[in-house]
Every structure is written in structure tokens, then in C-alpha cells.
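Observations on the three-dimensional arrangement
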Amino acid sequence: MMAVMRSNPWVLGVALAMLLGCSDDAPLASIDATVIEESPGLGARLDTVRVLLLRTDDGREVTRHEQAPVYAGTTFGPVVVRLAPERQQDAGRVVYRVRAEGVSAGEVVVVAQHRLVFVPGRRIVVPLRLGRSCLRAMCEGATTCIAGACVDDEIPPCTLEGAAGSDFCRDERLDGGRFRDADLDAADAFDAADAMGSDMADMAMPDAADMAMPTPLDMATPDVRDMATPDAADMATPDVRDMATPDAGEPSCVCDDDGLPCTVEQCVDGLCVSDALPDGASCGAGGLVCCGGACVSPASDPAHCGGCGVACPPARPACSAGGCLACARDSDCADDGFACTDVRCDVPTRTCVHETRPGLCLIEGTCVADGATHPTNECLACDASADASAWTELDLTPCNDGLWCTEVDYCSFGFCTGTGRACSDGLTCTLDQCNDTLDRCENPLAPDRCLIGGACYATNVQNPAAGCQWCQPTISTTTWTNRVGACQDGFRCTSASGMGAGDDVCMSGMCVGVMRGCEDSFACTTDMCIEATGLCSNVVVAGQCLAGGDCRDEGEVSGVNPCLACVTASSQTMWTNICDGG
């Protein structure tokens, strides 16, 4: 392969592009953050699973990813997010924190995190396990919650899947990614890895011989043979060792895969060496892992049931879901100690089955007879025909919620509820309330209302029977309050001023007006105010005249003109001519 690349720059360019950016196996530092739900049913509480990559030196957030959980059975499938450092040269030098958050109703309710470095040239898998035991256990500082306890969140990256066999992790000064020597920092380890041939610069850029310009013959238009699609072997993406430019004097070799899933091949001192992957390392899809050099399924292999070297006993040789099957016969199954259950061995699956006896329920560790209600909630009962392992909700069943202010109580969705007691007194000016403490209805008057004579009135409303009284709750809520100011007593001949038209005045709750004065100062007139019109009337009395500006008796002759006299039959308001011919 190296000989082909040195003779054909076009093939070299394609191979480098595939190596550095176009293949999932490209030897760049990355982390597959895998969020796993440890407790079935936890995911049902979560709206979103969030994955973050943070720098620990300055706390900056590098990237984040959010998605709703995708369910597979009772648990959501693993959420896998591929993360990369800000710069590839930061791999092995900068400590990052990979953090998984479970979010419910906008609030982070469960967290798992690990602090580690990227392994240069490797893609490693970091499991982040969210468990019910860590719900709302918000650990502080450099700790994370595991099994309900806050522990150190540092994880040696070289113990993770994908890191085995890297030059970075073989450095003798490292302990699984932790630095033994206090004087050795991450940059020293990275430089040490560079010296061993893993520097990304060595593998990314070809040397001068690789980049030499081709001869005119090389640049000529290739014939059909030159352009033929290379076979799978030619196009296979080489790993870091294939593409690395050897240092001067360093032996070089190309190692073929030996086809064994639990080994990794690498060139050491010019020789191909096959190293076994550590126990527990992933070796295939479906949860396959390496155990003693063999690729097995700890979910179903009885020799490694639930983990490497965990063998099922000969009497129960089968393994299912990572656990040894429990029985071969009924006698292999232990009694669970409950009087309401029977135990038997289900031979086809070799599992012990505890079955609740007919007419009984086993709820929250207690045997309950069919039809019996919950000790503190009469709306829950054992209904063996519906569910023998949980309380059954009783809907529309009469109950008593213990509240005086509710009536017609009944069960609804497992709770006792009722309709509110009617406490209305029929008045619009009262606040109708029910007092559960005193077991009674209360109807206090609204603060801006009066209740007078069984009728409701708002503030400043006048007494319909007396305009000089009104509702003033700050003075009295049950009686009218006298007011002051203008009013109308309904008479045209009265007024506050006594001058006729105008307002009357309130006094002691009564509307009072002064009769209009209509006197004209003549003794021979009757002076009065006509109510129909509100105008004054001055009528001359019988037997007298008002003539010449003064009162005159009947027959009185004018002192100025003897032909003029008071003749009431002719006129009472002027002289009458008594002389013939005037």
C-alpha cells in the first residue's frame, strides 16, 4: 500500500482525505459519549437528554447536544454523541468534562459526568449512566453521582473501550490515563507519545518524497487502467500506523488484521505484534465483549453471564439478560415469604415464577384480600381480576373526604372529591364563603356595600325615599347616613336662597327650602307664590283699587283730577273716569 501511494499522488490524496475526514475510523481524537438508562422507567420522567463537553481549565462549554429519549421496551435506547476537542492538538493536553443531564419540565433532575483527556489518534467510548438512585442528587465540584453517592468524577481514559494499544496509553509514566509522576503533565505525555510515532502531524502531512511533483509521464491523462476503480484492499482506510511517515532509521511495517475480534495489531520495532484486548472491551454489535480473548455475549453466555468469568452453576446452566436462569425444577425456587403467593419453576425459561393466588393481591409487600380498600384511601382497592400487584382506582364510588364544605363525595381517579356546599344567601352585596374549620357558611358584607332594610346599596347611593341620606359603609353599613349639600324638595316656590328657582339644602337628613318672598309692600294686595308656575301673584283685595301708585277705597276721587275715582267694578288697578265726556 505504501508503495502505491508513493508512486501515485492522486491515490495518496484520496487516502489522506478518507483518513482525516471521511471515515468513522479516521485516527483523530474523539469521544463517543454513550448515555445509558440504568433504571427502567427513569426515562418516562425525562423530556430531554442533554450531552455537554466542557473544558475544566476555564469552564467553557465546547459543545452540547439535546434530544428526546427514544424508547426500546421499558428503557430508552442509548444516546450516543460523538465529541471532539476544540483542536486536535489539545488531545492528551487539556482535561475535559463529559456531562449527561436528564431534563424534566425544564429542570435538570439527574446528572452523570466524567473528567478525562482525549486519547490522541483514538476514538474512545465513555459510558454515562443515569440511574433513579441519583435523581435530584446534584453533586458539587469534581464529583458525580453513582448509586446514590457523590464520588470523584475522574476516569482514566486508557481504561475505556477504544484506548487499548495506543502509544499514549503505553507510556510507562501513565496509570490508565492518570499521571504517576507529579512533575509530568498532560503536555509531557502527549510529547512522549509524539516521540513514539503517534504525532498527528507525522501522519497527516507526507514527507518531501511523498509530495514530489510527478514527471510529465505521471501527469499525462491516465488510460483506462490508470482510472480503474481500485479494489477493496486498495481503498481500505489505513490506520495511523499505515499512514505515518517513518522517522529516519526507524523500521517500518504494515500489519494486516488477523481477523480475531479480540486482538489489535500494531508495528513494534519493525515487527507486527498482535495484542489481546482487555476483558470487557467491546468486540462487536449487540453488547459483545472480549473475555479471555474470546468475543462473547455476557447477556446469554453461561460461562460469562453478566461479566467475564461469571459462570452459571451446573444445575442452572442457562443465561438470559445477563443473569443465570434460576431453576430446573420447582424445588429450586425459594419461597418469597408471602402467604398469598405460590412459587414454581417455568421449565422452558428456567425462571422462578411467583404467582399471586386467586382472590388475593400482593401490593407494596403486603397481602390484601380481593375488595379490601387501601388503609388510608378508600378510593383504592384490591381488584385481583384487574391487577393483583397494584391498587385499583375506584371511580364514581361514594366516599367521604372529611370536609364539611363538600357534598355528594365520590371517587375520581383514585381520590375522594365532592361538589362544593352551597352557601349563597341570595344577596349581591355579600361574600358567600364556607368555613371548614367551624363547619358553617359565612356571608360577610362586601367592603363597599351597605345592607339596609334587607336591600343592597353601593357606596354613595342615595336613599330613594330621602334624597339627603346615602350609603356610607365607613360610617354605617346597616343604616342611612345623613348628607350635606344641595337637594331638591320638589317645590317650585322654595329654594335655598328664597329667591325662587334654585337648589334646596340638606339639613339633618331633610331637604329644606325657603319660600319665595312675593310681597309688593301694598296693603291692598294679597301676595303669594303660585306653585304651578313658581311665579309670584299680587291680587288687589275686594273693595279697593291700586291706582296712582297707592291703595284707594271704593269711590275715592283722585286729588289731582276730580273726574277720576276708584270704581272696582270697572278696574282695581287703575282710575276710572266718572265725568261725562271726561
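Values in this document were obtained by computation on a predicted structure and should not be read as measured data.

Rules used throughout
- Residues numbered from 1 in each chain as written.
- Predicted model: local features only at pLDDT ≥ 70, side-chain atom pairs only at ≥ 80, totals over all residues.
- Heavy atoms only, no water.
- Helix = DSSP H or I, 4+ residues; strand = E, 2+ residues; numbered from the N terminus.
- Buried < 20%, exposed > 50% of the residue type's maximum accessible area, 1.4 Å probe, protein only.
- Disulfide = S-S within 2.5 Å.
- Contact = heavy atoms within 4.5 Å.
- Phe/Tyr/Trp six-rings, centres within 6.5 Å; stacked < 30°, edge-to-face > 60°.
- Core = buried A, V, L, I, M, F, W, Y, C linked by side-chain atoms within 4.5 Å.

Some thoughts on unusual backbone geometry
- In this model, alanine 321 sits at a positive phi of 55°, which is unusual for a non-glycine residue.
- Checked against the element boundaries, alanine 321 lands in the loop between strand 19 (319-320) and strand 20 (323-324).
- Residue alanine 321 is classed as exposed on the basis of its relative accessible area of 75%.
- Although it is not a glycine, asparagine 460 sits at a positive phi angle of roughly 75°.

A short note on the state of the cysteines
- On inspection of all chains with the given rule, the structure shows 25 disulfides.
- The side chain of cysteine 399 participates in a disulfide bridge whose partner is cysteine 416; the two sulfur atoms lie 2.1 Å from each other. Between cysteine 399 and cysteine 416 the disulfide shows an S-S torsion of about 95°. By sign, it is right-handed. With cysteine 399 in the loop between strand 26 (387-393) and strand 27 (406-412) and cysteine 416 in strand 28 (residues 415-420), this pair connects stretches of sequence that are 17 residues apart.
- A residue is classified by how much of its surface remains accessible, and cysteine 399, at 12% relative accessible area, is buried.
- Residue pairing for cysteine 468: its cysteine sulfur links by disulfide to cysteine 506, the two sulfurs lying 1.8 Å apart.

With respect to the environment of valine 540
- Along the polypeptide, valine 540 turns up in strand 42 (residues 535-540).
- In sequence terms valine 540 and threonine 573 are 33 residues apart; their C-alpha atoms lie 7.6 Å from each other.
- With near-sequence residues (within four places) excluded, valine 540 lies in contact with Cys524, Thr525, Cys545, Leu546, Gln572 and Thr573.

Details of the packing of aromatic side chains
- Under the criterion given, the structure shown has two aromatic pairs.
- For the pair tyrosine 96 and phenylalanine 118, a centre-to-centre distance of 5.1 Å together with 90° between the ring planes defines the contact as edge-to-face. With tyrosine 96 in strand 7 (residues 95-104) and phenylalanine 118 in the loop between strand 8 (107-117) and strand 9 (123-130), this pair connects stretches of sequence that are 22 residues apart. In terms of burial, tyrosine 96 and phenylalanine 118 fall into one category: buried.

Considering the nonpolar core
- Ranked by size, the top nonpolar core spans 37 residues in total, and within it Ile31, Val35, Leu83, Val98, Leu116 and Leu128 carry the most contacts.
- Elements supplying a minimum of two residues to this core: strand 1 (30-37), strand 2 (48-55), strand 6 (79-83), strand 7, strand 8, strand 9 and helix 3 (167-170).
- Counting residues per element, this core draws most heavily on strand 8, at five residues.
- Setting aside its immediate chain neighbours within four residues, leucine 83 contacts Ser30, Ile31, Ala33, Val51, Leu53, Thr63, Val98 and Phe118.

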